[in-house]
Amino acid sequence: MHLRQKLTLHYFALAGIIILGTVFRFWHLDLKPLWLDEVLTAFFSLGREYNDLPLDVVFPLSTLQEFFTLQPEASCRDIAQTLAQQSTHPPLFFCLMHSWLRFTGTEQLAWALRSFPALIGVGAIAAIYCLNRLIFSPIAGLIAAALMAVSPFAVYLSQEARHYTLPMLLIILALLALIPIQQRLYHQQLPSPWLWLGWGMVNSIGCYVHYFFLLAVIAQFLTLISGMIWYRRRLPGGSWIAVALVMAGMAVSYLPWWGMLLADVGRQETNWLPQPDSIMPLLQLLVGWLLMVIALPVENQPWWIVIPMGGLTLGLGGWIIWRGGVGVKQLLQKPATQLATLTLFGFTLAVLLQFLAIIYLLGKDISVVPRYNFVYYPTICALLAASLTVNHGASGRRDVQVQGKWAIVLTLTISVVSTVCVVANLVFLKPYYPQQVAENMTIEPTVPLIMVMGYDDLQDIGLGLSFAKALENLPEGGSQQGDRAIAFLSRQQGYDKVWQQLSELTIPSVSQLNLWVITPGLKRRDYPQHLAIANQKTCILDPSQHYRIGIPYQLYRCG
């Protein structure tokens, strides 16, 4: 085959991979209900703030949409100020999302919110192709793009209305600058100022997107400085000065938000992470690695599905880890790929060590949240792709080439099946299960209902809003939307105060009413058997309708 034909086929394959990745990211994009974190994304990106919500009153579910409308007059400065007061996140993603919502509108809110990260996720496919093509080979670039296109983890992140795909893309772009910088330095060539500047700018931008991007920045500097110490006799003059200038420039660029970072570290909103339990974080990190390639249905499934799916996950995942390890070892033995492999491996190791420091030294077990692995997912994807292609075309032995091709086909097939499970809502289920909660609350769709959320902070309010949005999207059945209402009552002074507030609220007069109370932190035995509400009605606890999905909620029948 002529070179021109090979190039044409190569780029057709790349286009097909990007199209496939796009389809997976936008397929069933609004199938899953918005959950707590996504509701908070919507709230801040729309230009709203905590005080916009009607608290401590009952209001109809039909008016909920009013609080999820775009405030076009809100500026990025306004959004940043709101985040500084009411959240623990840097502002850039929310500012960009605000602009995106101006373009898409908010009629289909879930789709509009998720389409922005999904589009960035498509850009990450192209970026990982460029990275592996640059540092390994064109075929390694194609396989990296294919792995990311069909990765259940990457698709899951792309379908979350959160700031995960944007920092992931920026990490890839930063590595696209870091590795050429290293290659020039270790060959006694000082990189151009534009390369240093581009690397520093990408990292500075990333720090305003997600705090965990700082882990990626630290990992890059550790990797770069370690290599410079190792190859110190090869370095050209001015190398250390250039590194120091980039570090200083990044530090100066982050001065406007540095105080907020320090304040957010100790905020109450970060206390939801549990304490580490012995070696469980190590096992959970390992599971997180498997989920990057294989994710089969095991959540909320009967045992006869969990056992075979779990066995397949461990068996196939173990084989992929073994195959990747063998390939990485071969990459390290080749002079042409040694530096790039060491850089990616060193970056991954540095991030993991920081994860372990957060888990065991700060006592915050971030391993329970697989989505945080976005920080080092790009390097895992790049290394796995390179390891699967290390023998491709490099040997005259046909059996070696065939084995390599079958390994690629099997890995991609596993990922495709897993990704179909993701978009079908069988894997990576939304936390707190808002759809299930809404369905449980409407077991009697013809009976009017009021959902009462006991809140202590904005996280509780966001959780209640996610349940309310799920209720809003359910078919009305025989009930009118006006027969459904919600209320947020403060629990800061205890639940006795909540019950007292409930008795003083203005509630529509109906002959029958289902009252659902969502009560974070309340034990089942502490629920009162009777509750008094407005209009002298008495509500009786229904013991058969008590649920717990991380937090408890209980039905009272009023009549």
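Not measured: the values here are computed from a predicted model.

1. Remarks on the overall build of the protein
Right, so step 1: Regarding its fold elements, the protein presents 20 helices and seven strands.
Right, so step 2: Whereas a compact globule of 559 residues would reach a radius of gyration of roughly 24 Å, the protein reaches 26 Å, a difference of no more than 12%.
Right, so step 3: Summarising its shape, the C-alpha atoms of the protein cover approximately 85 × 55 × 45 Å along the three principal directions.
Right, so step 4: When burial is assessed residue by residue, the protein has 55% of its 559 residues classed as buried.
Right, so step 5: Considering only contacts in the protein between residues 6 or more positions apart, those separated by 24 or more positions represent 78%.
Right, so step 6: In the protein, which carries 34 positive and 29 negative side-chain charges, the distance between the mean positions of the two groups comes to 19 Å.

2. Quick notes on helix α12 (residues 255–265)
Right, so step 1: Here α12 has its buried residues at W257, M260, L261 and D264. The arc that holds every buried residue of α12, seen down its axis, measures 110°, which confines them to one face. Exposed residues lying more than 90 degrees from the buried face of α12 are L255 and L262.
Right, so step 2: Looking at the buried positions of α12, the neighbouring elements they touch are α3 (76–86) and α10 (213–230).

3. Focus on the packing of aromatic side chains
Right, so step 1: By the definition in use, this model includes 26 aromatic pairs.
Right, so step 2: With a centroid separation of 6.2 Å and an interplanar angle of 35°, the aromatic rings of W516 and Y547 are classed as tilted. Residue W516 is located in strand β4 (residues 513–518), and its partner Y547 is located in strand β6 (residues 537–548); the two are separated by 31 residues in the primary sequence.
Right, so step 3: With relative accessibility at 22%, the residue Y547 sits in the partly exposed group.
Right, so step 4: Positioned over the ring face of Y372 is R371, at 5.7 Å from the centre of the ring.
Right, so step 5: K469 extends its terminal NZ or CZ atom over the ring of F68, reaching a point 4.8 Å from the ring centre.

4. Notes on the state of the cysteines
Right, so step 1: Tallied over the entire structure, the rule returns two disulfides.
Right, so step 2: Each disulfide pairs two cysteine sulfurs, and for C76 the partner residue is C95, the sulfurs being separated by 2.0 Å. What sets the handedness of the C76 and C95 disulfide is the S-S torsion sign, and at about 85° it is right-handed. Residue C76 is found in helix α3, and its partner C95 is found in helix α4 (residues 92–104); the two are separated by 19 residues along the sequence.
Right, so step 3: Note on cysteine connectivity: C539 is disulfide-linked to C558, with sulfurs 1.9 Å apart. Between C539 and C558, the disulfide has an S-S torsion of 105° and is therefore right-handed. Separated by 19 residues along the polypeptide, C539 in strand β6 and C558 in strand β7 (residues 552–558) bring together distant segments of the chain.
Right, so step 4: Taking relative accessible area as the criterion, C539 reaches 0% and is therefore assigned buried.

5. Some thoughts on the confidence of the model for the protein
In low-pLDDT segments, the atomic positions of the prediction should not be examined closely.
Right, so step 1: Taken residue by residue, the protein gives an average pLDDT of 92. The fraction at 70 or more is 96%.
Right, so step 2: The element-level mean pLDDT for the protein is lowest in helix α17 (residues 398–423), coming to 83, with helix α7 (residues 152–158) highest at 98.
Right, so step 3: Here residues 393–400 is a poorly scored stretch, pLDDT under 50, and it has four contacts once near neighbours within four places are set aside; other chains count.

6. Description of the side chain of K32
Right, so step 1: Here K32 shows up in the loop between α1 (3–26) and α2 (36–45).
Right, so step 2: Buried K32, no salt bridge; nearest opposite-charge side chain is E160, N-O distance 6.6 Å.
Right, so step 3: A distance of 3.1 Å separates a polar side-chain atom of K32 from the backbone oxygen of V422.
Right, so step 4: Apart from residues no more than four positions distant in its own chain, K32 is found in contact with R114, V422, N425, V427, F428 and K430.

7. What to know about the sheet that holds β4
Right, so step 1: Judged by pairing direction, the sheet is mixed, and its seven strands sit side by side in the order β1-β3-β2-β4-β7-β6-β5 without closing on themselves. Two strands in the sheet have a free side with no partner beyond their single neighbour: β1 (58–60) and β5 (530–533). Direction aside, the axes of adjacent strands within the sheet are offset by 30° on average.
Right, so step 2: Where β1 lies against strand β3 (residues 484–490), three bridges are found, and the strand directions are antiparallel. Bridging across to β3, V58 finds its partner in A487.

8. Some words on unusual backbone geometry
Across the chain, the bulk of peptide bonds are trans and the bulk of non-glycine residues have phi less than zero.
Right, so step 1: In this structure, H28 is a non-glycine residue whose phi angle is positive, near 55°.
Right, so step 2: Phi at Y432 takes a positive value of approximately 70°, unusual for a residue other than glycine.
Right, so step 3: Within the secondary structure, Y432 sits in the loop between α17 and α18 (434–441).

9. Description of the pairing of β5
Right, so step 1: The alternating pattern of β5 places L531 and I533 on a buried face and H530 and A532 on a face that is not buried.
Right, so step 2: For β5 and β6, the ladder comprises four bridges, and the chain directions are antiparallel. Its bridge partner lying in β6, H530 is registered against I540.

10. Re the pattern of salt bridges
Right, so step 1: One pass over the full model with this rule turns up 10 salt bridges.
Right, so step 2: For R267, the salt bridge goes to D264, with nearest N and O atoms at 3.3 Å. For the pair formed by R267 and D264, the shared burial category is buried.
Right, so step 3: A salt bridge links R557 to D542; its shortest N-O distance comes to 2.9 Å. Highlighted residues: R557 in strand β7 and D542 in strand β6, separated in sequence by 15 residues.
Right, so step 4: On the accessibility criterion, R557 (28% relative accessible area) is partly exposed.

11. Things to note about the nonpolar core
Right, so step 1: Formed by 170 residues in total, the largest nonpolar core has its most connected members in W199 and L224.
Right, so step 2: If near-sequence neighbours (up to four positions away) are discounted, L224 is found in contact with L178, I181, Q182, L185, Y186, W196, W199 and V243.
Right, so step 3: With 23 residues, the next largest nonpolar core counts V452, L489, Y495 and C539 among its residues.

12. Notes on a nonpolar patch on the surface
Right, so step 1: Where nonpolar side chains cluster on the molecular surface, the patch consists of I279, M280, L282, L283 and Y360 and spans about 450 Å² of accessible area.
Right, so step 2: At three residues, the largest contribution of residues to the nonpolar patch is made by helix α13 (residues 280–291).
Right, so step 3: Mapped onto the elements, I279 comes out in the loop between α12 and α13.
Right, so step 4: On the basis of relative accessible area, I279 is assigned to the exposed category, the value being 51%.

13. Focus: the packing of α3 against α4
Right, so step 1: Orientation of α3 relative to α4, taken along the N-to-C sense of each, is 135°, at an axis distance of 9 Å. Relative to α4, the element α3 lies oblique. Note that α3 runs across α4; the crossing there is right-handed. Each of C76, I79 and L83 in α3 lies in contact with α4, whose residues at this interface are F94, C95 and H98.

Calculation criteria
Residues numbered from 1 in each chain as written. Predicted model: local features only at pLDDT ≥ 70, side-chain atom pairs only at ≥ 80, totals over all residues. Heavy atoms only, no water. Helix = DSSP H or I, 4+ residues; strand = E, 2+ residues; numbered from the N terminus. Rg over C-alpha atoms; globule rule 2.2 N^0.38 Å. Buried < 20%, exposed > 50% of the residue type's maximum accessible area, 1.4 Å probe, protein only. Contact = heavy atoms within 4.5 Å. Lys, Arg positive; Asp, Glu negative; His and termini not counted. Charge placed at Lys NZ, Arg CZ, Asp CG, Glu CD. Arc of directions from axis to C-beta. Phe/Tyr/Trp six-rings, centres within 6.5 Å; stacked < 30°, edge-to-face > 60°. Lys NZ or Arg CZ within 6 Å of the ring centre and 35° of its normal. Disulfide = S-S within 2.5 Å. pLDDT = per-residue confidence, 0-100. Salt bridge = Lys/Arg side-chain N within 4 Å of Asp/Glu carboxyl O. Polar contact = N/O pair within 3.5 Å; in protein donor to acceptor, adjacent residues only side chain to side chain. Pairing = 2+ DSSP bridges. Axes fitted to C-alpha atoms, helices over the stretch in contact; angles between N-to-C directions. Core = buried A, V, L, I, M, F, W, Y, C linked by side-chain atoms within 4.5 Å. Patch = residues over 30% accessible without salt bridge, like charges linked within 9 Å, V, L, I, M, F, W, Y side chains within 5 Å. Areas by Shrake-Rupley, 256 points an atom, 1.4 Å probe, with all protein chains shown as cover. Parallel < 35°, antiparallel > 145°, perpendicular 65-115°, else oblique. Left-handed = near helix turned anticlockwise from the far one by under 90°.

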